[in-house]
Amino acid sequence: MTTLDRLLAAQRQPFLILAAEGRIHAANAALERAFGFSPEALAGAPCCRLDGETPPECRHRRFFRDLEPYVETRPLIDAGGAPHLVHIQGFPLLDESGRIYLGESLRLLDAGAHAPDAPVMRGRSEPMRRLLRELAQAAATEAAVLLHGETGSGKELAADFIHR
């Protein structure tokens, strides 16, 4: 068992290891329970697989360019296409040969925050993904947020998403 395998097995939170080539190297069982993707299905997948798309400024490419750890909050998409607000910590890992990998620890911020039958925001379209990114950015700050829109447009769901 390699050092990276032991590190992966020791993580209780969802955890990813990414290679400099922009591919997922490995994922743990906690990630499978939280997001529904098996570690085998994720191995070799593009780095932004859980983002639903490759963002314009991919945090993984930025990491391998600058080798700077990062912390951010953003929605990630599970195997069923549902978004989950996640606190992400990315940091460098070294294997036995000195090769650099990126470790990402994921902490679900919305797990258990609502009743199983409560309505949630869902969608895969670009406008919906953009909305979820903007809501996640708002949630990561201490700033007050004003939500406005037509009756029935989902303001209450958006407020719940920010709150969680």
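The numbering scheme is per chain: residues are counted from 1 as the chain's sequence reads. At least 70 in pLDDT is required for a residue's local features to be given in this predicted model, at least 80 for side-chain atom pairs to be given and counted, and no such filter applies to totals for whole chains, interfaces and linings, which use all residues. Only hydrogens and water are set aside; all other atoms, that is, all heavy atoms of the structure, feed into the side-chain values.

Side note on the pattern of salt bridges
Argument step 1. Each reported salt bridge corresponds to a side-chain nitrogen of Lys or Arg within 4 Å of a carboxyl oxygen of Asp or Glu. Throughout the structure, instances matching the rule amount to eight salt bridges.
Argument step 2. The shortest N-O distance in the salt bridge between Glu72 and Arg62 comes to 3.4 Å. Remark: Arg62 occurs in helix H4 (residues 59–66) and Glu72 occurs in strand S3 (residues 70–77); sequence separation between them is ten residues.
Argument step 3. A salt bridge links Arg130 to Glu126; the shortest N-O distance between them is 3.8 Å. With Arg130 and Glu126 both in helix H5 (residues 126–139) and four residues apart, the pair spans about one turn of that helix.
Argument step 4. We call a residue buried when its accessible area falls under 20% of the maximum for its residue type, exposed when it is over 50%, and partly exposed in between, using a 1.4 Å probe and counting protein chains only. Overall, Arg130 belongs to the partly exposed group, its relative accessible area being 39%.
Argument step 5. For Glu126, a relative accessible area of 31% translates into the label partly exposed. Helix numbers and strand numbers start at the N terminus; a helix is a DSSP run of H or I with at least 4 residues, a strand a run of E with at least 2.

Overview of the nonpolar core
Argument step 1. Throughout this description, the term nonpolar core refers to a set of buried Ala, Val, Leu, Ile, Met, Phe, Trp, Tyr and Cys residues connected via side-chain atoms within 4.5 Å. Judged by nonpolar contacts, the single largest core of 20 residues is most densely connected at Leu16, Leu31, Phe35, Leu42, Leu50, Leu76 and Leu106.
Argument step 2. Of all elements in the fold, only strand S1 (15–18), strand S2 (24–27), helix H2 (29–35), S3, strand S4 (83–94) and strand S5 (100–108) reach the threshold of two or more residues within this core.
Argument step 3. Beyond its immediate sequence surroundings of up to four residues, Leu106 is in contact with Gln13, Pro14, Leu16, Leu31, Phe35, Leu50, Leu76, Val86, His87 and Ile88.
Argument step 4. Counting ten residues, the second largest nonpolar core, distinct from the first, contains Met121, Leu132, Ala158 and Phe161. Any pair of residues with heavy atoms lying within 4.5 Å of one another is described as a contacting pair.

Structural notes on the packing of aromatic side chains
Two descriptors summarise a pair of aromatic rings, namely the distance from one centre to the other and the angle between the planes of the rings.
Argument step 1. Think of it this way: a Phe, Tyr or Trp ring, Trp meaning its six-membered ring, pairs with another when their centres are within 6.5 Å, and the plane angle makes it stacked under 30 degrees, edge-to-face over 60, tilted otherwise. For the coordinates displayed, the defined rule picks out three aromatic pairs.
Argument step 2. Between Phe15 and Phe91, the aromatic rings sit 6.0 Å apart at their centres with planes inclined by 45 degrees, giving tilted as the arrangement. Residue Phe15 is found in strand S1, and its partner Phe91 is found in strand S4; the two are separated by 76 residues along the sequence.
Argument step 3. A relative accessible area of 1% means that Phe15 is categorised as buried.
Argument step 4. A network of ring pairs unites the aromatic residues Phe63, Phe64 and Tyr70 as a single cluster.

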